[in-house]
Amino acid sequence: MNEQNVETQEDAEAIEDQSPEIEEQDAALDAQSDDIEVAADATPDASKDTVEDKKILRTDADGPETNDLLLAVDEITTDDEVRSQFRALLQEQQKRQQETTQRLKTILDSVVEGILVVNNGGVIEDFNKSATEILRADEDQLLGTNVDMMFIDRKATLRHRLLNKCISIRSGVLKYDYTETMAQRQDGDTFPMEITISPANLTGEMNYLYIFRDITRRKQAEESHNKLESELREALKLEAIGHLAGGIAHEINTPSQYIRDNLKFLNDGYGAISRMLGLAMHVLWEHRNELSDNAFSKFAKQMRDADLEFLLDEIPHATQQSLDGINQVAKIVLSMKEFSHPSGAEKTATDINRVLENVLVVSRNEWKHYANMETKMDAELPHIPTHVNEINQVFLNLIVNAAQAIHAAGRTPEEGEITVKTTSLDDSILISISDNGSGIEPENRSKIFNPFFTTKEVGKGTGQGLAITHDIVQTRHGGRIWFETQVNKGTTFHVLLPAEDRTGRQADGKKKAPTQA
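Now for a description of the structure that goes with this document. Values in this document were obtained by computation on a predicted structure and should not be read as measured data.

What counts and what doesn't
Think of each chain on its own: its residues are numbered from 1, step by step along the sequence as written. Since the coordinates come from a predicted model, pLDDT governs what is reported: local features require at least 70, and pairs of side-chain atoms require 80 or more to be given and counted, while whole-chain, interface and lining totals use all residues. Water and hydrogen atoms play no part in the side-chain values, which are based on all heavy atoms of the structure. For two strands to pair, DSSP has to find at least two bridges joining them. Helix numbers and strand numbers start at the N terminus; a helix is a DSSP run of H or I with at least 4 residues, a strand a run of E with at least 2. Angles here are taken between N-to-C directions and fall from 0 to 180 degrees, while the axes themselves are lines fitted to C-alpha atoms, restricted in helices to the stretch in contact. When a residue's accessible area, from a 1.4 Å probe over protein chains only, is under 20% of the maximum for its type it is buried; when over 50% it is exposed; and in between it is partly exposed. Patches draw on residues past 30% relative accessible area with no salt bridge. Two like charges within 9 Å are joined, as are two nonpolar side chains (Val, Leu, Ile, Met, Phe, Trp, Tyr) within 5 Å. Only the protein chains shown count as cover for residues, and the accessible areas themselves come from Shrake-Rupley with a 1.4 Å probe. When a carboxyl oxygen of Asp or Glu is within 4 Å of a side-chain nitrogen of Lys or Arg, the pair counts as a salt bridge. Throughout, nonpolar core names a set of buried Ala, Val, Leu, Ile, Met, Phe, Trp, Tyr and Cys residues whose side chains join them through atoms within 4.5 Å. Every angle not falling under 35 degrees, over 145, or within 65 to 115 is termed oblique; those three ranges are roughly parallel, roughly antiparallel and roughly perpendicular. Throughout, a crossing is termed right-handed when the near helix is turned clockwise from the far one, and left-handed when it is turned anticlockwise from it by less than a right angle. By the convention used here, residues are in contact when the closest approach between their heavy atoms is within 4.5 Å. Gly counts as polar in this scheme, as do all residues outside two lists: the nonpolar Ala, Val, Leu, Ile, Met, Phe, Trp, Tyr, Cys and Pro, and the charged Asp, Glu, Lys and Arg. The length a helix should cover is 1.5 Å for every residue beyond the first. Between rings of Phe, Tyr and Trp, where Trp is taken as its six-membered ring, a pair exists when centres lie within 6.5 Å; planes separated by under 30 degrees are stacked, by over 60 edge-to-face, and by other angles tilted. Note on geometry: a ring has a charge over it if NZ (lysine) or CZ (arginine) is within 6 Å of the ring centre and within 35 degrees of the ring normal. Identification of polar contacts relies on pairs of N or O atoms within 3.5 Å, with a donor-acceptor requirement for protein atoms, meaning one able to donate a hydrogen and the other able to accept it, and with residues adjacent in sequence counted only if both atoms are side-chain atoms.

### A short note on the sheet that holds strand β4 (residues 190–201)
Inference 1: Across the sheet, which stays open at both edges, the 5 strands sit in the order β2-β1-β5-β4-β3 with antiparallel pairing between neighbours. Sheet topology places β2 (124–127) and β3 (179–184) at the edges, where each strand pairs with a single neighbour. In this sheet, neighbouring strand axes are inclined to one another by 35° on average, regardless of whether the strands run parallel or antiparallel.
Inference 2: Examined bridge by bridge, β4 and strand β5 (residues 206–214) share 9 bridges and lie antiparallel to one another. Bridge pairing links I195 to F212 in β5.

Written as structure tokens, this is what we have:
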């Protein structure tokens, strides 16, 4: 133990003897450093090199300072063991520095926010990996560049406003928060950005950390969310109108019944009055000679002046047309009432032919301007269990789509044709809705039932109609829906719904359900 203490003391004395030499070498190194800085100042790229020397976020694992110290240790003229110990200490320090630097680099490269270190003059001195990815820039394009290049506002008014906010944050007047603005990438592409600036003393001088993130996806999500909210509000409004439609239909139906009954009474009563008037005129003609002078002539003149013959001919037509009109009103009202009648949670027995008739009446204004409607209803169609409101929506979507396809094909109302056909099969009901419209392009056929897919112009379609139809038929009712199409010739949508024979008849004579191509 005493021997070891003696050796240690001797080593310490040896180091003290070498101290003047080490100090002289350090002074020489400092002089060399000063010469290097002077040479850098004289170089045209000195400003960029100076910025490069101030790297913080992109510090290399092997720092040049540590390597210089190791070289200096090798030049010290002292005992080899002392030099080895000193070198080992420096290497251990270097290893710890490498680990710390690598840990910091990993953390900074992992954050999604871009980070820029900017000096008082607005020059970028350092940055992390995310900054280069967001701005789509190489390191050389960022280093030493003015930070204004990322702002669309070239007058730097936004940056000055951010710096003022930064001062307020530093003084505690304002809380740390982000500012939304539009930014510009190195390739000229613009994007929405959130950015904040915070003060940072990283190299002994006051710097600023520009922390920013690309919020394009969030803005797109917000836009999509707002669009869905708008559509939901519209759907809720239509749902409210649907709930009111039943009551409105009832209120309209009551006075319509009065009008219809009174018109029928007038039409029937007119026949009796017309017969009595004809008989009276016949009797008057036979006994005209028995009347006072000019009595019959005066009566005949009054008849001509009143145009009685025209009235006798046209009044029956007018009352009949009024009856037809009020019957049409009653039919529309009844169809609206049945179409909008809320269905319960359970399926109910449904007459598909009746549902289609109601849908055609309610949607008449959507197709009458573009096509003629032909129906081929199977009179032997059994009632099947469905959610009536949902099936109404399916048929309404398909009929409106058919009318729009005919309009898109440029056909006149006389040329346009929509055919609605129902067929009772072995264990199901087949509904086919055909049109002679534009057809479906081959590249769109696989996507036709995808949510939000539409071939219509912006603002004229949400891409939800056929997606909802597909879900109602296949998920809610266990059926199938498919289509056959030819470009510029038309499309037929087939809806196959499972059936239950409510009449108790055997289905031996029914056709088999087709297999989907």
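### Considering unusual backbone geometry
Generally, phi is negative for residues other than glycine and the peptide bonds are trans, each holding for most cases.
Inference 1: A positive phi angle, close to 50°, is found at R136, a residue other than glycine.
Inference 2: Structurally, R136 is set in the loop between α5 (129–135) and α6 (139–142).
Inference 3: Of note in this structure, N488 is not a glycine but carries a positive phi near 65°.
Inference 4: As for its placement among the helices and strands, N488 is situated in the loop between β11 (480–486) and β12 (490–498).
Inference 5: For N488, a relative accessible area of 57% corresponds to the exposed category.

### With respect to a nonpolar patch on the surface
Inference 1: Together, M276, L279 and V283 make up an exposed nonpolar region whose accessible area comes to about 290 Å².
Inference 2: Structurally, the position occupied by L279 is in helix α8 (residues 216–286).

### Considering the nonpolar core
Inference 1: Counting residues in each nonpolar core, the largest one holds 36 residues, and the members touching the most others are I352, F395 and I431.
Inference 2: Within the residue set of this core, elements represented by two or more residues are α11 (352–362), α13 (388–408), β9 (417–424), β10 (428–435), α14 (465–476), β11 and β12.
Inference 3: Broken down by element, this core gets its largest block of residues, 11 residues, from α13.
Inference 4: In terms of nonpolar packing, the next biggest core, distinct from the first, is built from 23 residues, L116, A131, L135 and F191 among them.

### Topic: the packing of α11 against α13
Inference 1: In contact at an axis separation of 10 Å, α11 and α13 are set at 55° when each is read in the N-to-C sense. With respect to α13, the element α11 is oriented oblique. In this structure, the crossing between α11 and α13 has a hand that is right-handed. In this structure, α11 contributes I352, V355, L356, V359 and L360 to the contact, and α13 contributes V388, I391, N392, F395, L396 and I399.
Inference 2: Partitioned by chemical class, the residues of the contact of α11 with α13 number 10 nonpolar, 1 polar and no charged.

### Looking at helix α9 (residues 295–306)
Along an α-helix, residues three or four apart share an orientation, since each turn contains 3.6 residues.
Inference 1: For α9, built from 12 residues, the straight-helix expectation of 16 Å at 1.5 Å per residue is met to within 8% by its first-to-last C-alpha distance of 17 Å.
Inference 2: Just past α9, the residue D307 takes up positive phi, approximately 55°.

### Considering the packing of aromatic side chains
Inference 1: This model, assessed by the stated rule, comprises 3 aromatic pairs.
Inference 2: When the ring of F449 is compared with that of F483, the centres are 6.1 Å apart and the planes differ by 55°; the resulting orientation is tilted. Here F449, found in the loop between β10 and α14, pairs with F483, found in strand β11; they are 34 residues apart in sequence, far enough to count as distant.
Inference 3: By relative accessible area, F449 is classed as buried at 18%.
Inference 4: For F483, a relative accessible area of 19% puts it in the buried group.
Inference 5: Ring geometry for F483 and F493: centres 5.6 Å apart, planes at 45°, overall tilted. With F483 in strand β11 and F493 in strand β12, the pair connects residues that are 10 residues apart, well separated along the chain. Neither F483 nor F493 differs from the other in exposure class; each is buried.
Inference 6: One aromatic cluster is present, formed by F449, F483 and F493 through successive ring pairs.
Inference 7: For the cation-ring pair, R185 lies above F191, with the distance from its terminal atom to the ring centre recorded as 4.1 Å.

### Here's the deal with the sheet that holds β12
Inference 1: Sheet architecture is open: 5 strands sit in the order β7-β9-β10-β12-β11, paired in mixed fashion. Strands at the two margins of the open sheet, each flanked by one partner only, are β7 (372–376) and β11. Adjacent strand axes in the sheet meet at a mean angle of 15° when their direction is disregarded.
Inference 2: Where β9 and β10 come together, 7 bridges link them in antiparallel fashion. Residue pairing in the sheet places T419 in a bridge with S434 of β10.
Inference 3: In the packing of α13 onto the sheet, the strands contacted are β7, β9, β10 and β12, and the crossing angle to β10 comes to about 25°.
Inference 4: Strand contacts of α14: β11 and β12, with the helix running at about 135° to β11, the strand carrying the most contacts.

### Considerations on α13
Inference 1: In this model, α13 (21 residues) spans 30 Å end to end at C-alpha, consistent with the 30 Å of a helix rising 1.5 Å per residue.
Inference 2: With 15 of 21 residues buried, α13 lies mostly within the body of the structure.
Inference 3: Once α13 finishes, G410 follows within two positions and takes phi at roughly 80°, a positive value.

### Description of the environment of S130
Inference 1: With respect to the helices, strands and loops of the structure, S130 is situated in helix α5.
Inference 2: By relative accessible area, S130 is classed as buried at 5%.
Inference 3: Between the alpha carbons of S130 and L116 there is a distance of 9.8 Å; along the sequence they are 14 residues apart.
Inference 4: For S130, the residues in contact, after removing those within four places along its chain, are D109, V111, V112, E113 and G114.
Inference 5: Polar contacts involving the side chain of S130 include one to the main-chain carbonyl oxygen of V111, which spans 2.5 Å.

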